[in-house]
Amino acid sequence: MDLATDLAATAPLWLPMLGCLAVLLLETLAPGRSGHLGALVAGAAIALAFARLVATAPSGRLPFGMLADDALGRSLTGLLLLVGAAVVVLAEPLLARLRLAHGEFFALLLASLSGMVLLVQARDLMALFLAVELLSIPLYVLAAFRRLSAPSVESGFKYFLLGAFASGFLVYGIALLFSTCGDTSYAALARFAADPARLGATWHVGVALLLVGLGFKVAAAPFHGWTPDVYEGAPTPVTAFMAAGVKVAAFGGVLRLAHEVLPDGAGLRAGLALLACASMLVGNLGALLQVRLKRLLAWSSIAHAGYLLLGVLVVVAAKSHAGATGAAATPLADSAVQAVVFYLATYALTTLAAFGWILDLGRESAELQDLRALRGLARRRPWLSAALALCFLSFAGVPLTAGFLGKLYVLKAAFALGTELIVPMVVLAATSVIALGYYLRILSTLYMERAPDENAPAPARLGSTGVALLIAAACGGVLLFGVWPEPLLRWLGG
Amino acid sequence: MSTVGALLLGLPLAAATLIGILHRRLSTRTAGTLAFAMAATCFGLAVAAFTHLRGLPEDARHVAATFWSFLELGRGDAALTLDVGVWLDPLSVTWALFITGVGSLIFLYSISYMEHEAGGARYFACLCLFLFSMLTLVLGKNLFLTFLGWEGVGLCSYLLIGFEYGKETAAQAGRKAFLVNRIGDVGFLLGMFWTWKLFGTLEHGELTPKLAAGLAAGIALPPLLALCYFVGACGKSAQLPLFVWLPDAMAGPTPVSALIHAATMVTAGIYLLCRLSSLFVAADWALDVVAFTGAATALFAGLIALRQRDIKRVLAYSTVSQLGYMFLACGLGAFASSAFHVVTHAFFKALLFLGSGAVIHALHGEQDLWKMGGLKHHLPKTAFAMRIGAFALAGIAPFAGFFSKDEILGVAFARAYAGDPACWVLWGAGVLTAALTAFYSARMITLCFDGSSRLDAHSHPHEAPAPMAIPLNVLAVLSLVGGIGLGFEALHWLPLHHWLAPTLAPLDLPPLPGALLWGLMTLAFLIAVLFWRIGAKWYSGDCEPARAAELTFPRFAGALAGRFFVDEIYGALIVRPLRFLAALALQFDVRVVDGAARGLGQFAALVGTGVRIVQNGTVQRYAFWMVAGAIALLWLALG
């Protein structure tokens, strides 16, 4: 083991951590004045990490024996770093406005970010657990960052309690898997699982508990209860970080487990299908009656977890198809992984735009949380309305947006297996129609309804150029990748 | 060549985006100059593509460029690959040439025309978007892209007809155009699905060979498939019975009428027929439907044009009528003649619209022919140019329209001569329409420019500024030489036909003997001149003969002036029943659906209560559901 090579290969992982320490140091040296500086340092750390990531090619080695340096890890890492940078852009003006411009925010953000990066690169259950905790603990604090706002504190506390509960499932699952296999590395687990005869009850229970723990992180039903409350209470940039970042990271972890470790089996299939269908149904039905934008996005994020879980299910199920032996990957599984990663990228992009929108117009005040406040907005804020409309069309999967292709690729991967996964596929199609019910309702609120007072001044905006540019860039991406997916596919494909 | 193709689509899109984003900050002149520079560059690129293709051997004159793959679905036989790319061949390049050529002239004209209008930059953004869509329609390498462009031009047409959206007529006309075109689009879509099912491809380059192979293997091509596309073409190219939107579309600014509703977009239907010519030829009786629809439309619209007061409506109906000629030619299998007429029509109809725009501009918005008269003294240059355009439209030699129209009549005659009696009807309708065309062209010119002035006393019309005059002059020259330069059948000078030959289904018809050709030409020429003279005589001075004729046949004259009451018939047959149905549905809605909805609402409230019980914010409850989920997973894992 050459320490220097390992360190060089894992720069995107420890550079944010280093940035975190630097911000904390700044906060100690110049208390109260580290707000803007913190954002700058955070931005620089993420930019450096991204530069390192782009400049080097994946080596395929196992840094520190526990991490992956492969195409999947790298594309997801890149995605996470972009999400992190976007959250820095979102958070900086809001914190200044709320007079909460403390450096700790960015330190916590960077710490959580490095946890996310670790999670998508983990190839060992110990690294996985460490990553989940490193990701979560700073996030609990971030959710409660507006410590004088009751919903914010409630949000952080709820997230913490349930997160700790879920971690218990996760760590117990890891313990069971270790007890049956005697090792925690993915390679050893895969070797062990190659012989189905050896897989006893302990293994199956261990995998199920692992799914509970990770299902909580991806906000899959029935482990979703925290999502609406926490999304609504947390400061909007933190919500964006949860919705985009945690989703990408946790699905990255699940995807790698599914791809490299878990063998296909009726029980696992049934479990994943249950989670997928429950999430699609609960998420979309829950969103149907929502009148508050952030809660609506929370429910919709549960529904999207369901669509993504169908992709994970395809990855697992594809292993028993043509030419597959044991847990070895097949082209079908690879294409399913691609589909999920593409979906994650489009979802993250759209989510960032949507939460950036809420931040820009809502300025963290409660009154714009109500959808009725958006009536007839298109007449007074045409560009902003168009941006939100585009986001919702993409969430709904309307053609010529990136969301359409994401959903299409997942369905296409599922179709390749014939009718084996017909039930979740039908649920996906049916719930997509339900989803149109609430996505189009917002479009109609924006465009068809009239504001109660036509002469009232247009709602004020946050006035941050960074946020406006971010929304524009994300919307541009949603449109561009909706008609020209190739660059994104190539980048995500490594 | 793929760079040229990419730029041809990319430049208009970039210009549309740029002007669209900055439309509040750009002046009309800046936006217009930018748009014109872009259109002129596109014309240069189209010329480059043309010279490149010319340099290739005749049977290899096509360039396919794939930029990226949009979708790949299915495997094996059922694979559907939708690529984004261009397909350059003589047919698409011909269309691209006149779209960008006539287009840049109209862009230039618009700079002056729109100068005093509000929202000029928005206008140019729409115009650039239109150019992008139209080029996508024509150059796209498969039917899918053609369809996207097809929808795109429909959208731009809607936006530009309703450009002055504050005006109720404009907004209504925009909606009408949009709705009527949807009927056609359904046909196009169905045709596309069916084509893919039968031949497994939508690529322009692959369709003809696959079709030939399929026919050789004994697949019968359903005529209905061709008719699906024909319905699409009817909507876009304003044929019976879907033509009603085009006259109303004249509510848009006049340069838009020239570009979209005369020269380019309305010929998209002809493009589709030409593009799928091999399919239409193989589809049994489908072509007969095309021919008869075309002839009927030509005659019908020609009749209506006789008595319109609004100068733009006269031109609109004449456009419908001329499009009917083009459909007639396609229906007779003479796709090259149809394309020939498309090109010459683009020249002279754009000229006529731009000239009428100059008149309207000079009269500060007056469009009523009965309030014009004697304008040749005030607008001598415009009058001269308009007269050339009208001669071309009337089919008087040696102006452009004569050669292309005569060729279509010649084909109809030749088919009849070769022993198809039904074609006598088609030929007769064509000749009658030619007479009508000459008559109403003369009427329009006489009422507008000759005789004594019927203007308001305080009106002082003045000649248009240079940016408006230059396009008029260029188009006047093209209307003069564009016909004889591109084809003269009797002299066997058919460069356009030879150029298009590799891309179109050949005409299976023995050529007429030379003497007969010359004879037909002379006949057409004489009819045109004669009816021009009659028209000019009837409407000069105090229009005494015209009034006498109206008094003799009051009901016919009334029907003509009332446009055969087509809109009223639509109102009675379609709109009123739909309204009735809507009223019924409303009753149903109020009595049945609302009742059910109240029930559902209670159900939803129940669900909401259920959700609230689950989602009541208590952490313990959330944890309970997590445990329940975990138990379910364990049960599944062990079961």
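What you see is a predicted model; the values in this text were computed from it and never measured. (Residues numbered from 1 in each chain as written. Chains lettered and ligands numbered in written order. Predicted model: local features only at pLDDT ≥ 70, side-chain atom pairs only at ≥ 80, totals over all residues. Heavy atoms only, no water.)

Caption draft 1: Main features of the domain arrangement of chain B. Once the domains are mapped, chain B shows domain 1 (299–551) and domain 2 (566–638). Domain 1 of chain B and domain 2 of chain B are separated by 58 Å when their C-alpha centres are compared. (Domains from an automatic or database assignment.)

Caption draft 2: Examining unusual backbone geometry more closely. The peptide bond linking L240 of chain B to P241 of chain B adopts the cis configuration, its omega dihedral lying at -5 degrees. Residue position: P241 of chain B is located in the loop between α8 (223–236) and α9 (245–248). Of the consecutive residues A397 of chain B and P398 of chain B, the connecting peptide bond is found in the cis state with omega at 5 degrees. Relative to the helices and strands, P398 of chain B is located in the loop between α16 (380–394) and α17 (400–417). The backbone phi angle of L400 of chain A is positive, close to 75 degrees, even though this residue is not glycine. Taking relative accessible area as the criterion, L400 of chain A reaches 34% and is therefore assigned partly exposed. The backbone of H492 of chain B sits at a positive phi, close to 60 degrees, despite the residue not being glycine. (Helix = DSSP H or I, 4+ residues; strand = E, 2+ residues; numbered from the N terminus. Buried < 20%, exposed > 50% of the residue type's maximum accessible area, 1.4 Å probe, protein only.)

Caption draft 3: Quick look at the interface of chain A and chain B. Taken together, the contact pairs 43 residues of chain A with 30 residues of chain B. Summed over both sides, the interface of chain A with chain B buries roughly 2,900 Å², with 79% coming from carbon and sulfur. Where chain A meets chain B, there are 0 salt bridges. Elements with a contribution of two residues or more to the side of chain A that touches chain B: α7 (150–181), α9 (201–217), α10 (226–233), α12 (266–288), α13 (293–317), α16 (382–396), α17 (402–415) and α19 (465–483) of chain A. For the side of chain A that touches chain B, the element with the highest residue contribution is α9 of chain A, accounting for 8 residues. A per-class count over the side of chain A that touches chain B returns 32 nonpolar, 6 polar and 5 charged. (Contact = heavy atoms within 4.5 Å. Buried area = accessible area lost by both parts, 1.4 Å probe. Salt bridge = Lys/Arg side-chain N within 4 Å of Asp/Glu carboxyl O. Nonpolar A, V, L, I, M, F, W, Y, C, P; charged D, E, K, R; others polar.)

Caption draft 4: Layout of the environment of I569 of chain B. All names here are of chain B. With respect to the secondary-structure elements, I569 resides in helix α24 (residues 566–614). Take I569: its relative accessible area is 45%, and that puts it in the partly exposed class. On a C-alpha basis, the gap between I569 and A177 in space is 17 Å, while along the polypeptide they are 392 residues apart.

Caption draft 5: Focus on helix α15 (residues 335–362) of chain B. Residues and elements named next belong to chain B. In a regular helix each residue adds 1.5 Å, so 28 residues correspond to 40 Å; α15 covers 40 Å between its end C-alpha atoms and thus fits that length. Of all the bends in α15, the greatest, near 25 degrees, is centred on H345. Just downstream of α15, H364 is the residue with a positive phi angle, here 55 degrees. (Expected span 1.5 Å × (residues − 1). Bend = angle between axes of the 7 residues up to and from the residue.)

Caption draft 6: Expanded view of the packing of helix α2 (residues 28–54) of chain B against helix α4 (residues 120–139) of chain B. Residue and element names in this part refer to chain B. Direction vectors running N to C along α2 and α4 enclose 15 degrees, while the axes themselves pass 8 Å from each other. The angle between α2 and α4 places the two elements in the roughly parallel class. In this structure, α2 meets α4 at a crossing whose hand is left-handed. Contacts from T28, A31, G32, A35, M38 and A39 of α2 reach α4 at G120, A121, F124, C128 and L131. In terms of residue class, the contact of α2 with α4 is made up of 8 nonpolar, 3 polar and no charged. (Axes fitted to C-alpha atoms, helices over the stretch in contact; angles between N-to-C directions. Parallel < 35°, antiparallel > 145°, perpendicular 65-115°, else oblique. Left-handed = near helix turned anticlockwise from the far one by under 90°.)

Caption draft 7: Quick look at the nonpolar core. Among the nonpolar cores identified, the biggest contains 390 residues, and F106, M242, W357 and F392 of chain A together with W95, Y229 and F280 of chain B are the most heavily contacted of them. Here this core takes 21 residues from helix α14 (residues 331–362) of chain A, the largest share from any one element. Per-domain counts for this core show at least three residues from each of domain 1 (299–551) and domain 2 (566–638) of chain B. F106 of chain A has contacts with V23, G35, G38, A39, A42, V88, A91, E92 and L95 of chain A, leaving out every residue within four places of it along the chain. (Core = buried A, V, L, I, M, F, W, Y, C linked by side-chain atoms within 4.5 Å.)

Caption draft 8: A look at the pattern of salt bridges. All names here are of chain A. As enumerated under the stated definition, the model contains 26 salt bridges over all chains in all. When the shortest N-O distance is used, the salt bridge between D6 and R61 registers 2.7 Å. Of the two residues, D6 sits in helix α1 (residues 3–9) while R61 sits in the loop between α3 (35–55) and α4 (71–98), which places them 55 residues apart along the sequence. According to the relative accessible area criterion, R61 is partly exposed, its value standing at 31%. One network of salt bridges, with partners in common, ties together E154, K158, D229, E232, R292 and R295.

Caption draft 9: Representation of the packing of aromatic side chains within the structure. Under the defined criterion, the tally for this structure stands at 47 aromatic pairs over all chains. When the centroid spacing of 6.4 Å and the interplanar angle of 85 degrees are considered together, the rings of F402 of chain B and F525 of chain B count as edge-to-face. Residue F402 of chain B is located in helix α17, and its partner F525 of chain B is located in helix α21 (residues 514–538); the two are separated by 123 residues in the primary sequence. For F402 of chain B, a relative accessible area of 4% puts it in the buried group. Owing to a relative accessible area of 29%, F525 of chain B belongs among the partly exposed residues under this scheme. These aromatic residues form a ring-pair network of at least three members: Y140, Y159, F160, F216, W226, Y231 and F355 of chain A. One cation-aromatic arrangement involves R443 of chain B over Y539 of chain B; the distance from NZ or CZ to the ring centre is 5.2 Å. (Phe/Tyr/Trp six-rings, centres within 6.5 Å; stacked < 30°, edge-to-face > 60°. Lys NZ or Arg CZ within 6 Å of the ring centre and 35° of its normal.)

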